[in-house]
Amino acid sequence: MSLTIELSVNGLIWPVTVEADELLVDVLRERLGLRGTKKGCGTGDCGACTVLLDGRAVNSCLILAVAAEGLAITTIEGLAEGDDIHPIQQAYIDQGAVQCGFCTPGMIMATKGLLDENPQPTRDEIRTALAGNICRCTGYWRIVAAVESLAGSEVRP
Amino acid sequence: MTGSSQLNVVGKTAVRPDVAEKVRGRAVYGADVSFPRMLHAKVLWSTRPHARIVRIDADRARALTGVHCVITGADAPAGRYGVYLRDQRIFATDRVIHAGEPVAAVAADSAAIAERARDLIEVEYEDLPAVFDPLAAMEAGAPIVHPELFSYTATYPAIKYGNVCLYTKLTQGSLDSGYGAADRIFEDTFRTQAMHQCHVEPRASTAGFDFGGKLTVWTSTQQVSGCQAELGMALGLPLTRVRVIATALGGGFGAKLKSTIEPIVALLALKTRRYVQLVITREEEFVAGRAHAPYIMTLKTGVKADGTLTAKHVRFIADCGGYSDHVLGTVGLAVTFAQGPYRIPNAEAEGFCVYTNNPNFGCMRGYGVTEMTFATESQMDMIAGRLGIDPIDIRRKNLVREGDVILSTQPLRSVTIDSTMDAALEASGWHGKRGKLGPGRGIGVANTILNMGLLASSASIRLNEDGTVSVLTGIVDVGTGAQLVLAQIAAEELGVPLSDVAVAAVDSDISPWDLASIASRTTWDAGNAVRLAAADAKQRLLALAADVMKLPVEQLDTRQGYVYDVNDSERRTSFAALSGISMFVKGGPIMGQGSYLGEPGFATPVGEGYPQPPSASFVFGTHVAEVSVDVETGKVMVERLTAAHDVGRAVYPLGVVGQIEGGAVQGLGFALYEEMLIKDGQVLNPSFLDYKLPTILDVPEVVPEIVEIPDARGPFGAKGVGEPPLIGPAAAIANAVYDAVGVRITDLPLTPEKVWQALNAKKDGNS
Amino acid sequence: MEYIRPATLADALGILAEHGQDARLLAGGTDLVLEMQIKKVRPRYLIDVSRLSELRGLSWVLREGAEDLVIGAGTPVRDLEISLQVRERAPVLAQAAGSLASVQIRHRATIGGNISHAAPSADTAPALLALCCQIEIASPSGRRTMPLEQFFVGPGQTVLEPCEIVTSFRVRVCQSTRASVYIKHSPRRAMDCAVVGVAAQADLHGSRLSHVRISLASVAPTPVRAYRAEEFLIGAGELTPATMAEAARRAAQDSRPIDDIRASAAYRRRMVEVNTHRALERVLQAGEHR
């Protein structure tokens with residue numbers, strides 16, 4: 001079944017015709033050309049596809065595009081315009097939290113979801129919030145350092 | 001030898017050039033490539049581990065609207081290709097020999113249609129007797145996986161028989177006299193599991209065949225030159241008609257080497273004359289990938305009562321599954337380190353690479369030495385315990401020294417193991433903790449040794465019109481920051497600001513040959529090639545400048561993008577000016593070439609077994625793990641992992657930390673969580689739900705210790721560090737568990753249930 | 001496949017009345033969308049109930065001097081995890097909710113979905129059972145309620161009819177439910193299905209016990225109560241080292257685990273005992289700190 005829906009992505013409304021069973025991650029990537037959101041597993045086990053839905057981090061590989069109609073979707077592309085850079089992105093760069101970079105968009109979106117809800121998380125809260133994002137390169141500690149640097153707390157050396 | 005105080009770029013803080021795109025989600029990975037009217041592919045993989053293909057019926061698949069092409073073995077070139085042994089074909093033809101072997105492929109307008117079509121292909125299999133255990137496969141009467149084994153071309157002398165596609169043996173001294181001199185002889189067997197590399201980016205390739213007959217492939221790969229070569233071989237094309245372009249790589253760890261899915265997508269592109277993209281799903285990565293093989297190792301070690309090692313024999317058996325792939329090479333490398341970083345003058349190692357009908361295995365970071373080290377370092381502690389000697393003392397007593405010759409016949413160079421032991425023991429607080437941690441808690445150590453430098457790299461350097469510098473290399477930055485490291489080396493050697501240097505992405509049409517981004521070799525091999533190229537360019541620059549500035553060339557040097565008079569630094573000419581002169585007035589554009597092959601020939605004796613290439617140097621490391629064991633549940637919690645690694649000189653220090661921390665967590669996974677469960681040739685846990693990768697909540701405190709003892713043969717003294725961090729943790733953790741609760745587990749991973757069973761057995765044994 | 005997003009519960013029931021046999025309910029989707037990918041199932045009708053406000057939320061209802069917490073079936077598990085009230089007054093439920101997969105999953109997965117999917121390993125089930133949960137189900141012809149124990153039939157199977165929808169869960173919350181805990185035993189600290197899950201709650205006066213619930217995940221075809229353990233403790237009337245140890249042994253007997261790729265039955269049985277003992281110790285401690 002084809003449906004024409006309106007998706008609100010990064011503050012813009014995108015009218016798009018989708019099949020009822022199309023996944024949000026595929027519609028974002030293939031229809032809207034927003035390829036920053038990545039597919040790592042398709043089963044909600046790696047977090048590479050994390051976007052914000054009404055401000056909450058979710059796995060876009062487990063959401064039907066039609067079910068996301070009318071909700072505010074934020075992808076990695078929505079974090080910074082033009083030459084600007086979002087503080088989370090800068091922190092990841094500064095702390096060496098990016099190696100191959102494939103998990104990075106999802107990790108950053110999960111970070112944004114956390115900090116928007118809880119601007120000064122403890123280390124335990126940071127790790128709980130990012131437990132659904134698998135990184136195979138960094139061993140995670142540089143990522144923890146990046147988020148702590150934003151949380152106004154003591155940064156792990 | 002330049003002292004570190006005189007370095008301007010190497011070793012200094014710098015920002016990687018690729019991260020700005022990556023944090024914005026703009027880096028183009030394999031699945032992000034897109035072309036107009038691009039078709040999408042799906043592969044039909046064998047569901048049977050060993051079977052005759054009776055019939056393939058693709059009529060219904062071809063009839064589906066939107067399907068452009070369905071191909072099978074009948075449509076592919078018949079020739080075999082492979083990494084060390086040419087045993088592979090693009091598709092199975094008359095027989096499948098492992099579950100997950102490609103049988104057919106579809107190209108369609110969308111991935112959804114391709115998948116529907118794939119599911120409509122009917123394959124009738126007739127099961128054949130299968131073998132799933134390498135020991136059983138080595139016995140007479142076992143089903144033979146490759147009956148034509150003797151007809152395959154190999155890069156090594158033909159020591160192969162039955163299901164054994166490689167038998168290699170290295171000998172040093174006399175085992176008999178070594179055992180004769182021993183007071184005790186201990187034989188122990190260790191097993192390690194099939195582990196998946198679990199790069200978060202699944203493999204993805206896009207191919208296009210133009211009407212001039214040229215194939216271009218955009219692919220997620222660690223090895224552009226090798227992929228190009230293998231595509232040429234598999235498809236029968238000259239390399240001038242094969243172009244491989246590396247997309248940004250979302251992790252490889254050994255899974256993305258030579259070619260895996262590229263020949264399939266290339267064939268589809270040839271048949272359809274359209275761009276075709278194949279993206280592998282996570283389940284397919286487990287079922288039809290190139291996971292790291294399982295190994296069985298038996299170590300028989302002779303030792304004197306005072307702990308001096310006198311003899312060691314290692315039997316090292318790899319189950320390579322249906323095809324030999326890289327597993328064969330892991331056997332060849334691992335046996336050269338059978339002695340570990342210890343002086344054992346009488347030693348012998350026998351390596352076997354064995355076919356079974358298990359899935360096609362490949363290699364992972366560590367390349368067999370990871371497993372060998374788990375065995376060696378576990379046994380060192382076991383021997384220490386049996387003799388009543390401290391585990392540190394027994395290691396120190398037997399450590400290798402500079403110039404010691406190991407089984408490969410190579411003399412060891414740049415031996416720094418004493419220093420890494422010092423650093424790790426100090427940073428971990430070993431002496432204050434060992435024996436003092438309380439019930440259920442323990443601390444354990446493991447040493448690592450690895451080769452540094454493997455085969456060749458080349459690079460060229462181009463001085464641009466504006467005085468900036470472009471570096472061409474064939475080495476893919478797999479995410480470690482290699483692009484930055486190579487830029488730093490070039491900048492340092494040439495005497496330009498780092499910001500004036502750019503390292504190009506890898507494209508086989510343009511980039512010079514490189515072995516691959518593997519084996520911890522990028523900084524050493526590619527770095528040396530870049531340094532040579534930079535030195536070459538600098539020499540040409542200075543020759544021109546001497547002419548232009550009317551000064552003897554010995555009086556000139558470079559700094560910050562200028563050639564200057566060492567006697568009067570105000571007298572100087574910019575690179576831009578010299579470039580202009582070279583391009584438009586005299587001499588021609590300034591370029592530098594660098595070609596580097598660290599050590600010639602072969603390390604191991606040619607004519608027997610596997611000819612292991614020699615390494616230019618060696619790297620060492622020491623890991624200390626602190627654990628607590630919940631004796632009621634068997635759960636092992638690693639509290640702290642201290643990892644001291646000798647890197648010669650850290651070119652990009654933050655990158656070195658990244659390698660140590662990341663590798664340590666992979667080592668943690670290897671030790672405790674990760675295992676591909678395979679039964680009757682089928683993967684039982686092909687998903688991230690039941691193949692358990694460490695999450696951010698599972699990682700212990702990791703303490704990286706960077707030991708810098710420059711090796712003059714490395715670029716500015718630098719050595720690599722890609723693999724050793726993964727190699728250390730498993731034995732350190734197993735040894736710590738023994739220290740904590742007195743159970744010795746010799747097969748990985750140390751799952752809670754396994755530890756619990758061992759604890760029960762120990763209790764029962766004591767009652 | 002037709003996708004329908006009814007505006008009200010009544011509308012949803014109307015559609016179910018007509019098409020229930022061929023319909024699936026979509027709430028958070030973390031189970032259903034996955035199933036659609038893996039099994040390639042496409043229901044004829046997909047009824048999206050994720051936005052029905054009638055099915056969401058936590059409300060506290062006074063009843064004879066105690067309070068019930070009524071949880072809308074469409075409430076995301078994350079809301080139970082972070083609700084200060086639930087964390088303080090019924091910690092077993094907040095802990096169970098917080099142990100599920102990842103934050104991303106918990107933002108979408110609903111408690112109604114988790115329970116209706118009826119995996120033997122569902123973490124919220126033992127927690128609800130420990131709180132004497134009544135489940136309410138709506139159908140075109142009316143409503144019915146039952147103790148949650150009766151809802152589960154087998155792995156992935158419930159008493160839910162094709163035209164029915166779970167609307168809410170009513171659990172008992174009082175001073176005593178502060179002494180409650182959920183322990184999830186799994187190899188990793190996140191993302192795993194429980195190898196064994198134990199929920200426990202006791203009404204304590206000091207160490208004297210007047211009411212207790214112990215329920216288990218992953219050790220039977222459905223989430224189960226450890227009845228023999230509970231009976232024993234009621235009879236004993238007190239949480240002591242000896243009674244806790246004995247209750248733990250009986251809880252192990254109450255379990256019927258199987259061997260699978262995650263663990264053997266023998267290991268699971270022993271982990272029921274170990275974790276029941278630990279759960280009771282923590283419940284006792286929580287009771288003492290009131």
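What counts, and where the lines are drawn
Residues numbered from 1 in each chain as written. Chains lettered and ligands numbered in written order. Predicted model: local features only at pLDDT ≥ 70, side-chain atom pairs only at ≥ 80, totals over all residues. Pairing = 2+ DSSP bridges. Helix = DSSP H or I, 4+ residues; strand = E, 2+ residues; numbered from the N terminus. Core = buried A, V, L, I, M, F, W, Y, C linked by C-beta atoms within 7 Å. Buried ≥ 20, exposed ≤ 12 C-beta atoms within 10 Å, placed from the backbone. Contact = placed C-beta atoms within 7 Å. Axes fitted to C-alpha atoms, helices over the stretch in contact; angles between N-to-C directions. Parallel < 35°, antiparallel > 145°, perpendicular 65-115°, else oblique. Left-handed = near helix turned anticlockwise from the far one by under 90°. Nonpolar A, V, L, I, M, F, W, Y, C, P; charged D, E, K, R; others polar. Domains from an automatic or database assignment.

1. Description of the sheet that holds strand β14 (residues 224-225) of chain C
All names here are of chain C.
For step 1, the next point in the chain: The antiparallel open sheet is built from four strands, whose spatial order is β11-β12-β13-β14. Two strands in the sheet have a free side with no partner beyond their single neighbour: β11 (180-185) and β14.
For step 2, the next point in the chain: Of the strand pairs in this sheet, strand β12 (residues 196-205) and strand β13 (residues 208-217) are connected by nine bridges, and their pairing is antiparallel. Within β13, the residue paired with Ala199 across the bridge is Ser215.

2. Quick look at the nonpolar core
Across soluble globular proteins, you tend to see nonpolar side chains buried next to one another.
All names here are of chain B.
For step 1, the next point in the chain: Core analysis: the biggest nonpolar cluster contains 414 residues, and Ala41, Leu268, Val331, Val471, Ala490, Ile733 and Val737 have the highest contact counts within it.
For step 2, the next point in the chain: When residues of this core are assigned to their parent elements, the largest contribution, twelve residues, is made by helix α15 (residues 522-549).
For step 3, the next point in the chain: Setting aside residues up to four positions removed in sequence, Val331 forms contacts with Leu166, Thr168, Phe316, Ala318, Gly351, Phe352, Cys353, Gly368 and Tyr610.

3. Brief notes about the packing of helix α10 (residues 369-387) of chain B against helix α19 (residues 729-741) of chain B
Residues and elements named next belong to chain B.
For step 1, the next point in the chain: Axis separation between α10 and α19 bottoms out at 8 Å; the angle between their running directions is 30°. If you check the angle between α10 and α19, you find them roughly parallel. Considering only the axes of α10 and α19, their crossing is right-handed. Of α19, the residues touching α10 (which contributes Thr373, Phe374, Glu377, Ser378 and Asp381) are Ala730, Ala731, Ala734, Asn735 and Tyr738.
For step 2, the next point in the chain: Its residues assigned to classes, the contact of α10 with α19 shows five nonpolar, three polar and two charged.

4. Some details on the domain arrangement of chain A
Residue and element names in this part refer to chain A.
For step 1, the next point in the chain: Partitioning chain A into structural domains gives domain 1 (2-78) and domain 2 (87-150).
For step 2, the next point in the chain: With centres defined by C-alpha atoms, the gap from domain 1 to domain 2 works out at 21 Å.
For step 3, the next point in the chain: Domain 1 puts 14 residues into the contact, and the matching count from domain 2 is 13 residues.
For step 4, the next point in the chain: At the level of elements, β3 (50-53) and β4 (56-59) are the ones that each hand at least two residues to the side of domain 1 that touches domain 2.
For step 5, the next point in the chain: A per-class count over the side of domain 1 that touches domain 2 returns seven nonpolar, five polar and two charged.

5. So, the interface of chain A and chain B
For step 1, the next point in the chain: Contacts between the two partners involve 39 residues from chain A and, on the opposite side, 40 residues from chain B.
For step 2, the next point in the chain: For the side of chain A that touches chain B, the secondary structure elements donating two or more residues are α2 (87-94), α3 (104-117), α4 (123-129) and α5 (141-150) of chain A.
For step 3, the next point in the chain: Among the residues forming the side of chain A that touches chain B, the class breakdown is 19 nonpolar, 13 polar and seven charged.

6. With respect to the domain arrangement of chain B
By a widely used convention, the size of an interface equals the accessible area lost when the partners come together.
Residues and elements named next belong to chain B.
For step 1, the next point in the chain: Domain boundaries assigned for chain B yield domain 1 (4-26 + 454-597), domain 2 (33-128 + 203-279) and domain 3 (295-453 + 604-766).
For step 2, the next point in the chain: Between the C-alpha centres of domain 2 and domain 3 the distance comes to 36 Å.
For step 3, the next point in the chain: Counting from both sides, the interface comprises 17 residues of domain 2 and, opposite them, 19 residues of domain 3.
For step 4, the next point in the chain: In terms of residue class, the side of domain 2 that touches domain 3 is made up of nine nonpolar, six polar and two charged.

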